[in-house]
Amino acid sequence: MRDMSFGQYYPTASPIHKLDARVKILLSVLYIVFIFFVPSYVGYFVTLLFITAVFMIGKIPMRAMLKSVKGILFLLIFMAALNVLFYKEGKVLVDWWIIRITDKGIDFAIKMALRLLFLVMGASVLTLTTSPMELTDGIESLLSPLKLIKIPVHDFALAMSITLRFIPTLMEETDKIIMAQKARGSSFDTGGPIAKIKALIPVLIPLFTSAFRKSYELADALDARCYNATKNRTRMKVMKPTWRDVIAFFVMAAFITFICLDKWYFHGLDALLVEFVRSII
Amino acid sequence: MTAVKLDNVKFEYSVYGSGANRVLDGIDLQIEEGEFVALVGHNGSGKSTLAKLLNVLLTPTEGKISIFGMDTSDDDLIFEIRKRVGMVFQNPDNQMIASIVEDDVAFGPENLGVPRDEIIRRVDWALEKVGMSDMRRSTPFKMSGGQKQRIAIAGVLAIRPDIMVLDESTAMLDPQGRREVLSVAKKLNKEDGMTVILITHFMDEALEADRIIVMDGGKIAIDGAPREVFRESSKLKEMGLGVPIAKDVAERLFENGLPIDTDILNEEELIDRLCQLL
């Protein structure tokens, strides 16, 4: 069984892996926001180059990248289809029954699909190169200003990391319970879908009972290790941004500048490109 | 100095519909600093409750408990007491907080606000003590029970307690894991002078202690050095507890007419006595 507590984390040593988790979270947010401003196909092509470069620097294999895309493939096609079928503006190409396909509709659908695709690829760079522990620490650190308005940020972060920590334990427990119930003659893979769901009840109930029992024991263990002894909790691992983070920041800044220029200065580079190609011909 | 002192301690909890259930019924007990005490008793004898009273996870219904002179019923002293009394529980999986060994060990001192350099020093020291230094950056998920439990001990050690309570910490382990945990406990007692309270139902483990306290029905039934305690083997058997295997063998040989001295504890002594008979 795979160690699920690592999620989709792909452990290897790369410059991207070594970035400060907080910087990675912030840059990912920036990327996700600005991906919505990309106006042209030229822009999307540059985005593709950019994200491919990030994957290559992060030493993330193609396989992992494709896997992250595969999850949203259905959504992508579904959304594109809706856009193509129901976009009303533009020159009508096909008009049949309630379906009206326009050139702008196709254009919009392709751009929307590309946007979503690059968004998911960008977001998966974060989860592929940052371990859940680093991610939790990063989120805690980023949210720490909220402590000023008495929000127990650390408690949330601890709850999050304990959740991650208990995923493999509970998976193991589930396997054990399934085997125990099988030994008593229950069957999990016969019958229709309703019968299959019903067969899960004798697994879920002991699983919940055991989860509650574990949580009581864990609460005792937290108390025994002086949890909440002081408000001035210290940390063994301190996150410190390095020169790598500065470089990453500038690379992202360059990318964002390009998108902004494309959108607000050139008003979409596609038209310029078309003109350029025409002038050559 | 007296590490632990219990004065007529009673503990009861109420069960819905059936009134109060008395778990501890007037315990008087004194444990000196540096002692290695084994607390034995079958299920429901109150030994785990007693352990939880020692680091204020519970407070007694009646009576008084003091840890190095600090009263456990004083709310201001809770963390002061928990700092002095470290507790390792039964299931290693349910007391791990972090997914990386060193993060888990650092959890206690982080909670206490120990400066960063000192935390690192403590984590190094604690992992060294339990012999898990090589594993500090691994995840405990795939480790053996004995290794996990040693990490749990390191997590408690990093708080730098004076008393270590092992609440059935060997119960879920295989024989190899039990030996590992027990030898760590012995080392802490002998080399660092730590007071160790080992709660167990394995008599062969209790044998390693300097003093055995036998609990039965919420009371202390026998309290003394291992040899004295095991002399009362019939009483132990009545309480549903066994005696060490060597002792059991000797007694059975005696019952079957062999004139062997049954006042023994371990295999070496048994071999000695048997050789004397030849």
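A. Layout of the overall build of chain A. Assigned secondary structure in chain A consists of 10 helices and 2 strands. Seen in sequence order, chain A has helices and strands lined up from the N terminus as α-α-α-α-β-β-α-α-α-α-α-α. The C-alpha atoms of chain A give 25 Å as radius of gyration, which overshoots the globular expectation for 281 residues (19 Å, by more than 25%). Structurally, chain A occupies a C-alpha span of about 75 × 55 × 40 Å along its principal axes. When burial is assessed residue by residue, chain A has 37% of its 281 residues classed as buried. The long-range share in chain A, meaning contacts at least 24 apart out of those at least 6 apart in sequence, stands at 72%. Of the side chains in chain A, 33 bear a positive and 21 a negative charge, and the two mean positions are spaced by 2 Å.

B. Main features of the interface of chain A and chain B. Across the boundary between the two partners, chain A contributes 33 residues, which contact 39 residues of chain B. Regarding the contact of chain A and chain B, the summed buried area is about 3,300 Å², with carbon and sulfur atoms giving 56% of it. Taken as a group, A:Arg165, A:Arg225 and A:Met236 account for 27% of the area that chain A buries against chain B, more than any other trio of residues on that side. On the surface where chain A and chain B come into contact, there are 5 salt bridges. Here B:Asp104 and A:Arg225 are joined by a salt bridge, their closest N and O atoms 3.5 Å apart.

C. Focus on the pairing of strand S9 (residues 211-216) of chain B. All names here are of chain B. Across the 6 residues of S9, 5 count as buried, placing the element largely inside the fold. Examined bridge by bridge, strand S3 (residues 36-40) and S9 share 4 bridges and lie parallel to one another. Residue Leu-39 lies in a different strand from S9, and its bridge partner there is Ile-213. With 5 bridges joining them, S9 and strand S10 (residues 219-224) adopt antiparallel strand pairing. Its bridge partner lying in S10, Met-215 is registered against Ile-220. Taking the residues between adjacent antiparallel strands as the criterion, S9 and S10 are bridged by 2 residues, where Gly-217 takes a positive phi near 55°.

D. Looking closely at a negative patch on the surface. A cluster of acidic residues, B:Asp204, B:Glu267, B:Glu268 and B:Asp272, forms a negative patch on the protein surface. Tracing the sequence through the fold places B:Asp204 in helix H7 (residues 203-206).

E. Layout of empty space enclosed by the protein. For the structure shown, the criterion picks out 2 cavities of 30 Å³ or more. The volume enclosed by the largest cavity comes to roughly 300 Å³. In this structure, the largest cavity is lined by 18 residues; those nearest its centre are A:Asp137, A:Ser161, A:Arg235, B:Ala98 and B:Asp103. Breaking the lining of the largest cavity down by element, the ones donating at least two residues are helix H6 (132-143) and helix H7 (153-183) of chain A together with helix H3 (101-111) of chain B. Per-class residue counts for the lining of the largest cavity are 7 nonpolar, 4 polar and 7 charged.

F. Quick peek at a nonpolar patch on the surface. Residues and elements named next belong to chain A. A contiguous nonpolar patch, built from Tyr-41, Phe-74, Phe-78, Leu-82, Phe-86, Leu-93, Val-94, Trp-96, Trp-97, Ile-98, Ile-106 and Ile-110 and spanning about 1,300 Å² of accessible area, is present on the exposed surface. Counting only elements with at least two residues in the nonpolar patch, the list comes to helix H4 (73-86), strand S1 (92-96) and helix H5 (103-129). Tracing the backbone shows Val-94 in strand S1. Under the relative-accessibility criterion, Val-94 is labelled partly exposed at 39%.

G. Region of interest: the packing of H3(B) against helix H5 (residues 145-157) of chain B. Residues and elements named next belong to chain B. Two numbers describe how H3 lies on H5: the axes approach to 7 Å, and their chain directions differ by 35°. Our pair here, H3 against H5, has a crossing hand that is right-handed. Each of Val-101, Asp-104 and Val-105 in H3 lies in contact with H5, whose residues at this interface are Ile-151, Ala-154 and Gly-155. Residues belonging to the contact of H3 with H5 are distributed by class as follows: 4 nonpolar, 1 polar and 1 charged.

H. Spotlight on the confidence of the model for chain B. Averaged over every residue, the pLDDT of chain B is 90; the share at 70 or more is 100%. At the level of chain-chain contacts, confidence expressed as ipTM amounts to 0.87, with global pTM at 0.80.

I. Broad picture of the pairing of strand S1 (residues 2-15) of chain B. Bridge analysis of S1(B) against strand S2 (residues 19-32) of chain B gives 11 bridges, and the strand direction is antiparallel. When the bridges of S2(B) are listed, B:Thr2 appears paired with B:Glu32.

J. Summary view of the sheet that holds S2(B). Residues and elements named next belong to chain B. Here 4 strands make up an open sheet; going across it, the order is S2-S1-S4-S5 and the pairing antiparallel. A single partner strand is all that each edge strand has here, and the edge strands are S2 and strand S5 (70-71). Two elements, S1 and strand S4 (residues 62-67), share 5 bridges in a ladder whose sense is antiparallel. Of the residues in S4, the one forming a bridge with Lys-5 is Ser-66. Sheet strands touched by helix H1 (residues 47-54): S1, S2 and S4. Its angle to S1, the strand with the most contacts, is close to 120°.

What counts and what doesn't
- Residues numbered from 1 in each chain as written.
- Chains lettered and ligands numbered in written order.
- Predicted model: local features only at pLDDT ≥ 70, side-chain atom pairs only at ≥ 80, totals over all residues.
- Heavy atoms only, no water.
- Helix = DSSP H or I, 4+ residues; strand = E, 2+ residues; numbered from the N terminus.
- Rg over C-alpha atoms; globule rule 2.2 N^0.38 Å.
- Buried < 20%, exposed > 50% of the residue type's maximum accessible area, 1.4 Å probe, protein only.
- Contact = heavy atoms within 4.5 Å.
- Lys, Arg positive; Asp, Glu negative; His and termini not counted.
- Charge placed at Lys NZ, Arg CZ, Asp CG, Glu CD.
- Buried area = accessible area lost by both parts, 1.4 Å probe.
- Salt bridge = Lys/Arg side-chain N within 4 Å of Asp/Glu carboxyl O.
- Pairing = 2+ DSSP bridges.
- Patch = residues over 30% accessible without salt bridge, like charges linked within 9 Å, V, L, I, M, F, W, Y side chains within 5 Å.
- Areas by Shrake-Rupley, 256 points an atom, 1.4 Å probe, with all protein chains shown as cover.
- 1 Å grid on protein atoms, 1.4 Å probe; cavity = no way out; pocket = protein on both sides within 12 Å on 5 of 7 lines; lining within 4 Å.
- Points joined across faces, edges and corners; volume = space filled by probe spheres on them.
- Nonpolar A, V, L, I, M, F, W, Y, C, P; charged D, E, K, R; others polar.
- Axes fitted to C-alpha atoms, helices over the stretch in contact; angles between N-to-C directions.
- Left-handed = near helix turned anticlockwise from the far one by under 90°.
- pLDDT = per-residue confidence, 0-100.

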